[in-house]
Structure formats: C-alpha cells, structure tokens
Amino acid sequence: MLVACESSPPDEPATNVPIETVAAPADVVAAQRFIPAYAGAILIVPLRPADSVREYLNAEPWGITAWSVDEEPETLNAWQPVQEPTVTLGDGRRLQSDLHWLGVEEDLTDDWLGLRRTWKRHSWSAVTDDPSLARAGLGLWVAAIHLPADAYGTTARMDGRPLSLVWHEEPPERTDTRRSPMPRLSRDQSGRLASILEPAMFDPMTAWHAALIRDRIDPWLRIGSTPPTSGGRDRILEAWAIQIEHRWRTALHQLAQSDEQTAADLLNRLTAVVELPGEVREPAVLPIWPGRRGGHWELLETLLHPGLPASARVDATRDWLKRVPASAQWVIDDTGGQVPTGVTWATVATVDLTGQDGIASAAPGIGTASNSTTLPGHTSHVFRTLLPVADGELINTVRLRSRAGVRDLTTLRGRIPVTPPGLKIGPLLAGWSAPGLLANQPTPPLTGPRTFALLHRGQSDAWEIFIECERGETTGRNIDTVQLWFGPRFDSRSVISIDPGGNAVIERSGRSSSWPGVITEQKSRSWTALVPVPSDAVLSDGTLLFGLSRSDGTGLVSSWPRPLYPGQVEPGRVVIDLNYWMSLAE
C-alpha cells in the first residue's frame, strides 16, 4: 500500500480559519458531481471552468477518473483559473485549498507496459507568473483540499457552491486475495516483475495497480529487497495516487460485501499477473492490466455512485467483465515446422486473464480440436497445430478456444519469392508488450536503432545477406548482436551471430565455430555486415526457412518476421523461395 511521506513542512492544513463573510466567486467548479472523500486526507478535485459549455455528457460529469490524456479536452488546457477558490465546511471552518496544474509527458517505450508518463506539478501562482508551464503539454487543473480528521459527514461549499462530498471510511489495507492465483516466483522472476512494476509505482494513474498486486505478490520480498519509497515524490501527486488507490479499495470492498466472487473476478482482471510460455529459460511472470480506454475508470465511478443499489454494482461489474478481453492470443511461428509435402506446423499461444481455471484448445481453420488442455488461471499454453492443404487451398487460420471465447489467428502461409535486387527483410519488430498482446497488434520498435537486411545473390553466384544496423547507446554490458536463424525452430540447421567488431560465429548441431567470409564495416552512425548463407541451409526444393533477431546495445530485442514475447529465445520463421531470382523458376 502506498504511503504518503511529507519530506518538508510546506503547507499545514488550516482547519480553524473563520469563513469570510463575502467571497468573490471563482471561475472554477468541480468536474465531478459526486466526489468520494476520506477524512484526514488531501482531497484532489479536478476542475473545469464555471461557464464551460461542456457541462455534462449524458447527465454525467467528466472528471479525473474518466479522463484520458489521449483526448486533450479543450476545457482542460485552454484556460487558467483567475483566482484560488474558497472552500468551507458546513460548520463554518475554512479549509486550506490551493490550485495546481498537473502536467504530463508521455513516452512511448519498449517497456512491457508500453508507456511511461511523467507528471509535473506547478502551483497556481507559478503558472500565473509563467503561463507557459501549463501550455507545454497535456494536463489538468485540480484543487488540493486539506480535509480535517473530524470532517467526516459534514457538508462543504466551494465559493458558495455545494461541493458534493460522498464520505467513505478508510478502506481495508489489503484486498481479499483468497480467490486469486498465487504464483510461486523464483528470484529471477521476482526481480523481473519488480523492475516492471517500479515505473508504474511513480505514475499516479497506475500506482494503484502495483499496490493491489502487492497484496498477494510482493516481488521485493521474494528478492530480499525493498520497493522504492515515495519520499522524493511531489506531495500533491502522492496524495492523488493514494486517493485513487483508496477509491479502488473502497469499491472492491463494497462489491465483495454483495458478491465475493464478482469482486474477486474484478480484482483478478485489474491485477492479472500472468505466466508466459517458457522456452529455454523459465517462464516470465508479468502484469497485464486493462488498457487506458478499457472502461475501468467509468466502472469505478459507477461503483462509487452513492445512490446505486448493491445489485446494480454487481450487474455493472459483470457487464464490464464481459466486455474486456478475458485472454490474449498470438502467433509465435507461422511455418517453422514445414515438411516437403507442404504441410505446416503453426505455433500459437494463449494466456488467461480471468484468474480462473478453464479448458483451451486449437484447431486449423474451423476444424475439430484434438489437443484440449486444462489452462489454470493467469497461465498460458503453446499449441503446435497442423495446417494441411484443403481442396487445393492453404489453410492459414488457427482457431483458439478457451473459457474466454473463440479467437481466430491468421498465419503467413506460402513461399516468399526472391527476385532482383533482393528480398527486403524487415522491418524488425519490437518484442510483444502487454497492450500489444491485448490488441493483438505488434508494432515496429518505437525507440532505438533500426535494422535493415537484404537477401540477394552475390557476384560469386552464392546467396548472401547484407545487414545494416544503426548505432544506439550502449548500456551496461549489452553487446550489439545480430543472429541469423536457418531451419525450423529448435531444429536449426545453423545459427550465425555477428557483432560490429566483425566477430562471426556459426552454431551447428550444438557446436560453435567461426564463420569465414563475413565482411563488416564500421561507420559513424551504423555498422554493416555481408554474410554468406550456409549452403546446407537451403533445402532440396530450393527453399529456405529463415528468421532474424537483434539485441542492440540498449538491450532492446527486435525480430523478424514475428515479435518475441518475454522469455522467447528463437524468432519465428518464413519460407523463402530461391527459385525465382531471374523471374524464371530454375
């Protein structure tokens, strides 16, 4: 659970200041109709202009819980309050309240969670002196109201207007996790999970996820360490993070009093920590939580609505659970098991997000599955599915079934012909991220150096691959390495590894040796390599099973033709046809 830490004594609540008899009305009002509040805490209230044309949408206000930084509402950043409001309790006490601009910068990263947000807080007086502070990007104005410990149940007004506080008792410190999966993590798995959660703990919009996850899985305890403290965080941002966490804990606690299983299902979906398939290394255990537009903020508003019956809370939660993804599926390898008859083994995977055990299976097209298996909650399974030729047509669809429903995945079938000037390989794809898996939409690397490759026939009539790699910053002990994979996954005929220094190593049948004939060149912003293709990598029918991966100096791993998931070692393969070099079959 996040804890507020006051590192300095800048602003102590003034709870006994008498109310002014006359107060000029400010030009701001609360952007929420019902405001959950906790006595003794700093209440963060999003604001909007008092005369805004965007009053309410469908009779409901827009506020911080439904706010998305994707939309950049004009009413959030096209104005500045003229003065700070006056907030009073029903007993006449004037509360300390001040305005702050919460600005945010987004950085699309190659991290597993896919996005990092950096929040900066500027006081109203600072923005008054330098208006550019509130125009540098996305953000919103909020009022920070210091609620006294004895304020529970009292009314409040802001500049004479009612401030609709909905008082709640402080929620339990821990959620009920008896119905949640409890994975046993190794030290390495715990360390990786901790490194993923740490950035999320410093974003007020995601810190609550990490806090709820730690109720049942605290990776820092598993590695004998301590999580980062919030001592260096801005006090207003810290209060906001605690407020969001408390609201989620309150909503889950109230829901559990009506329906324990529904509350557990909601908790399991909000804080899914899933075990991805393991290959050579042990499986990665990583969080997957709903996307920013997953509707969970609207659900939170609904669950905390003061007039909503308990049965309606349960119904709203069940409806939301039906709408959000209950599993994720993806293609690992399209053609890595091809045999001379043209039959292909496609490799696909599925992972459960519900936290409940179920049955999963895979089948070609709409065929009958013969590989059903039990899929425990928050775990994954890999299926190798035979894709035959039916009525002269290639079957390129794998149908995955699970308790979450049915999902069809499209694979890459057929042969890719190579014609002059050569086959462009790429673009290389960044590894799978949690948002990408949820949407089944891999993307090229968002940051980091790019990689280009071309398969062509050289002057000596031998096949070779030209590679050009942009240089990037080198961090730690990461060595920039490109690997060329020939043959089926886990049964490669050979694997060639090249680095910028010209070191080229080929591995055949588990034995490594230097690979002669590789020409490398160093440039100011890139390095290149010309690599001969091993003759024994070409099959008797003139085809080549091929995949490529790169681990650059920053630690970013990219691959082709499919992205890698955490814990995956070998990339997928494609079938390249070398028989059409001069546009005529040889």
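Residues numbered from 1 in each chain as written. Predicted model: local features only at pLDDT ≥ 70, side-chain atom pairs only at ≥ 80, totals over all residues. Heavy atoms only, no water.

Trainee: What is the right way to look at the sheet that holds strand 28 (residues 463-470) in this model?
Mentor: Neighbouring strands of a sheet are bound in pairs by backbone hydrogen bonds; such pairs are parallel or else antiparallel. Judged by pairing direction, the sheet is antiparallel, and its 5 strands sit side by side in the order 25-27-28-34-33 without closing on themselves. Every other strand in the sheet has two partners, leaving strand 25 (423-425) and strand 33 (519-522) as the edge strands with one partner each. Ignoring which end each strand starts from, the neighbouring axes of this sheet average 15 degrees apart. Here strand 25 pairs with strand 27 (residues 451-457) via 3 bridges, running antiparallel. Note that in strand 27 the partner of Leu423 across the bridge is Leu455. (Pairing = 2+ DSSP bridges. Helix = DSSP H or I, 4+ residues; strand = E, 2+ residues; numbered from the N terminus. Axes fitted to C-alpha atoms, helices over the stretch in contact; angles between N-to-C directions.)

Trainee: Looking at this structure, how should I read the side chain of Arg562?
Mentor: Along the chain, the position of Arg562 falls in the loop between strand 36 (557-560) and strand 37 (574-577). Note on Arg562: relative accessible area 15%, which makes it buried. At a separation of 2.8 Å, a polar atom in the side chain of Arg562 contacts the side chain of Asp334. Filtering out sequence-adjacent residues up to four positions away, Arg562 remains in contact with Val331, Ile332, Asp334, Thr410, Thr411, Leu412 and Leu429. (Buried < 20%, exposed > 50% of the residue type's maximum accessible area, 1.4 Å probe, protein only. Polar contact = N/O pair within 3.5 Å; in protein donor to acceptor, adjacent residues only side chain to side chain. Contact = heavy atoms within 4.5 Å.)

Trainee: Can you walk me through the packing of aromatic side chains in this structure?
Mentor: Any pair of aromatic rings gets described here by the distance separating the centres and the angle formed by the planes. Enumeration according to the criterion identifies 10 aromatic pairs in this entry. Taken together through their ring pairs, the aromatic side chains of Trp208, Trp248 and Trp297 make up a single cluster. (Phe/Tyr/Trp six-rings, centres within 6.5 Å; stacked < 30°, edge-to-face > 60°.)

Trainee: For this particular structure, what's the right way to read the confidence of the model for the protein chain?
Mentor: Mean pLDDT over the protein chain: 84, with 86% of residues reaching 70 or higher. The element-level mean pLDDT for the protein chain is lowest in strand 1 (residues 17-18), coming to 40, with helix 7 (residues 260-270) highest at 97. Residue range residues 53-77 is modelled with pLDDT below 50. Its contacts to residues more than four positions away, or to other chains, number 65 contacts. (pLDDT = per-residue confidence, 0-100.)

Trainee: Could you clarify how one ought to interpret empty space enclosed by the protein in this entry?
Mentor: Summed over the entire model, instances satisfying the criterion amount to 1 cavity of 30 Å³ or more. Its volume calculated, the largest cavity comes out at about 50 Å³. Here the lining of the largest cavity is composed, by residue class, of 3 nonpolar, 5 polar and 3 charged. (1 Å grid on protein atoms, 1.4 Å probe; cavity = no way out; pocket = protein on both sides within 12 Å on 5 of 7 lines; lining within 4 Å. Points joined across faces, edges and corners; volume = space filled by probe spheres on them. Nonpolar A, V, L, I, M, F, W, Y, C, P; charged D, E, K, R; others polar.)

Trainee: Looking at this model, I keep getting lost on helix 7. Mind explaining?
Mentor: Three or four residues apart is the spacing at which side chains of an α-helix point the same way, because the helix has 3.6 residues per turn. Where burial is concerned, most of helix 7 is hidden: 9 out of the 11 residues are buried. Buried residues belonging to helix 7 abut helix 4 (207-213), helix 6 (235-258), strand 13 (272-275), strand 14 (285-288), helix 8 (296-303) and helix 9 (310-323). Looking at where helix 7 begins, the residue whose side-chain oxygen comes 3.2 Å from the main-chain nitrogen of Gln261 is Asp259.

Trainee: What's the story with unusual backbone geometry in this structure? I'm lost.
Mentor: Glycine aside, residues mostly have negative phi, and peptide bonds are mostly found in the trans state. For the bond running from Pro420 to Pro421, omega is 5 degrees, close enough to zero to count as cis. With respect to the element layout, Pro421 can be found in the loop between strand 24 (415-417) and strand 25. Residue Pro561 is reached from Trp560 by a cis peptide bond, and omega for that bond is 15 degrees. Tracing the chain through its elements places Pro561 in the loop between strand 36 and strand 37. Its identity is not glycine, yet His378 carries a phi of approximately 65 degrees, on the positive side. Mapped onto the elements, His378 comes out in the loop between strand 18 (373-375) and strand 19 (380-387). Using a relative accessible area of 3% as the deciding quantity, one classes His378 as buried.

Trainee: Quick question: what am I supposed to make of the packing of helix 8 against helix 9 here?
Mentor: Helix-helix packing is characterised by the crossing angle of the two axes and by the distance between the axes. Packing of helix 8 against helix 9 leaves a shortest axis separation of 10 Å and a crossing angle of 170 degrees. As judged from the angle between their axes, helix 8 and helix 9 are roughly antiparallel. In contact with His296, Leu299, Thr302 and Leu303 of helix 8, helix 9 contributes Arg313, Ala316, Thr317 and Trp320. For the contact of helix 8 with helix 9, the class distribution of residues is 4 nonpolar, 3 polar and 1 charged. (Parallel < 35°, antiparallel > 145°, perpendicular 65-115°, else oblique.)

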